[in-house]
Amino acid sequence: MFDETDPGIVQLMTFNIRYGSAGDGPNRWDLRKDLIFDTIADHEADIIGLQEVLDFQMEQLRRALPQYASIFVGRDDGQLAGEGVPILYRRDRFTAADSGTFWFSNSPWKPGSKHWGNQIPRICTWLRLTEITSGKSVYVYNVHLDHQSQDSRLYSVNLLVKEIAGREHRDPVVVLGDFNMDMDNEAMHAFGRIKRDVAFEPMFDVWGKLNPDQPSETTFHGFGEQPDGPCLDHILIDDNWEIFETAIDARAYGGRYPSDHFPVIATLNLKD
């Protein structure tokens, strides 16, 4: 058991909320947005990584969840255009010490750039958060990797690893995201390797670390159409964390789902 009031306890969530302009009929955004808001509020996570978020969705999220501060960058122009991978954090617990966004391409600082076989831009948004009470800081990276190109996923993970290794401060790290692949994919193996050319600490999937003898559970379900769908959404951590629990929220509300992905939640303790 653990004490949720312990200042070292951090609750995380990653959640692909499905882009709001999709023609999803009975599952379109305006008919399910309240389910999204309620799901996020119900878990009361300290730090949240969302994927497939458009600017108008972000504005609605901010109004519905005023307890969270956030950072949003659109992948098309580096401002508001296109989908973003925003990070939300409890404003009563953290302050943002630094932040940035880079593109998974040969030109990572060029907005809208894309290479490696992905037909649409893919980005990572990151934050360095400082805990108000303790003064401890953590880095949070949020990603949505490509759904078509394995080369893109492979090169993207390698770039992400390089950026994590090159962070300015040696604070603990969390990576949240829809990786569009399970942990057995070759591209994911780079997180677990020690790098000879960069100061990178291997990272671990929270679900797999806590449940080594259990198969991965579905996170993409297509609004209930794929009950045995793949596990695409992951929370990765370095060795500075102790895992207390993790869960996949597969709830439906009156037969309706908040999104076509299930959120993944983890409760961690920042080691001394």
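Details of the structure are given in the entry above.
Residues numbered from 1 in each chain as written. Predicted model: local features only at pLDDT ≥ 70, side-chain atom pairs only at ≥ 80, totals over all residues. Heavy atoms only, no water.

Colleague: Give me the lowdown on the overall build of the protein chain, citing residues and values where you can.
Modeller: Secondary structure summary: the protein chain contains four helices and 12 strands in total. Here the C-alpha atoms of the protein chain give a radius of gyration of 17 Å, agreeing with the 19 Å that 2.2 N^0.38 yields for 272 residues. Each of the 272 residues in the protein chain was classed as buried or not, and the buried ones make up 56%. In the protein chain, once contacts between residues fewer than 6 apart in sequence are set aside, the share between residues at least 24 apart is 70%. If you average the places of the 26 positive and of the 43 negative side-chain charges in the protein chain, the two averages end up 5 Å apart. (Helix = DSSP H or I, 4+ residues; strand = E, 2+ residues; numbered from the N terminus. Rg over C-alpha atoms; globule rule 2.2 N^0.38 Å. Buried < 20%, exposed > 50% of the residue type's maximum accessible area, 1.4 Å probe, protein only. Contact = heavy atoms within 4.5 Å. Lys, Arg positive; Asp, Glu negative; His and termini not counted. Charge placed at Lys NZ, Arg CZ, Asp CG, Glu CD.)

Colleague: Account for the side chain of Glu-131, naming residues and giving values.
Modeller: Take Glu-131: it is sitting in strand 6 (residues 123-131). The class of Glu-131 is buried, set by a relative accessible area of 7%. A polar contact is formed between the side chain of Glu-131 and the side chain of Arg-93, at a distance of 3.1 Å. (Polar contact = N/O pair within 3.5 Å; in protein donor to acceptor, adjacent residues only side chain to side chain.)

Colleague: An account of the environment of Ser-216 is requested, with residue identities and associated values reported.
Modeller: When you line up the elements, Ser-216 lands in the loop between helix 4 (206-210) and strand 10 (233-237). Ser-216 sits in the partly exposed class, given a relative accessible area of 46%. Taking the C-alpha atoms as reference, Ser-216 lies 14 Å from Phe-204; in sequence the two are 12 residues apart. The contact partners of Ser-216, leaving out residues within four places of it in the chain, are Trp-207 and Cys-231.

Colleague: Describe the sheet that holds strand 2 (residues 47-51), naming the residues involved and giving the relevant values.
Modeller: One open sheet holds the six strands; their spatial order is 3-4-2-1-12-11, and the pairing between them is mixed. Whereas interior strands pair on both sides, the edge strands pair on one side only; in this sheet they are strand 3 (68-71) and strand 11 (241-248). Neighbour to neighbour, the strand axes of the sheet diverge by 20° on average, direction disregarded. Pairing of strand 3 with strand 4 (residues 87-90) involves four bridges; the strand directions are antiparallel. What sits directly across from Ala-69, in strand 4, is Tyr-89. Together, strand 1 (9-16), strand 2, strand 3 and strand 12 (264-270) form the strand contacts of helix 1 (residues 29-43), whose direction differs from that of strand 1 by roughly 165°. (Pairing = 2+ DSSP bridges. Axes fitted to C-alpha atoms, helices over the stretch in contact; angles between N-to-C directions.)

Colleague: Pulling in residues and values, what's your account of helix 1?
Modeller: An ideal rise of 1.5 Å per residue puts 21 Å on 15 residues; helix 1 measures up with 21 Å between its terminal C-alpha atoms. Among all positions of helix 1, only Trp-29, Arg-32, Leu-35, Ile-36, Phe-37, Thr-39 and Ile-40 are buried. Next to the buried residues of helix 1 lie strand 1, strand 2, helix 2 (55-64) and strand 3. Following helix 1 by one or two positions, Glu-44 has its phi on the positive side, about 55°. (Expected span 1.5 Å × (residues − 1).)

Colleague: I'd like a rundown of the environment of Gln-60, residues and numbers included.
Modeller: Along the chain, Gln-60 falls in helix 2. Once the C-alpha coordinates of Gln-60 and Lys-33 are considered, the two residues, 27 residues apart in sequence, prove to be 8.8 Å apart.

Colleague: Which residues make up unusual backbone geometry, and what values go with them?
Modeller: A negative phi angle is the norm for most residues apart from glycine, just as the trans form is the norm for most peptide bonds. The backbone of Trp-116 shows a phi angle near 70°, a positive value even though the residue is not glycine. In this structure, Trp-116 sits in the loop between strand 5 (94-103) and strand 6. Assessed through its relative accessible area of 18%, Trp-116 is described here as buried. Phi at Phe-223 is positive, roughly 55°, even though this residue is not glycine. Secondary-structure assignment places Phe-223 in the loop between helix 4 and strand 10.

Colleague: Lay out the packing of aromatic side chains with the relevant residues and their values.
Modeller: For the coordinates displayed, the defined rule picks out nine aromatic pairs. When the ring of Phe-102 is compared with that of Trp-109, the centres are 5.9 Å apart and the planes differ by 75°; the resulting orientation is edge-to-face. Given a relative accessible area of 55%, Trp-109 falls into the exposed group. Here the aromatic rings of Trp-116 and Tyr-155 are separated by 5.5 Å at their centres, their planes lie at 55°, and the arrangement is tilted. (Phe/Tyr/Trp six-rings, centres within 6.5 Å; stacked < 30°, edge-to-face > 60°.)

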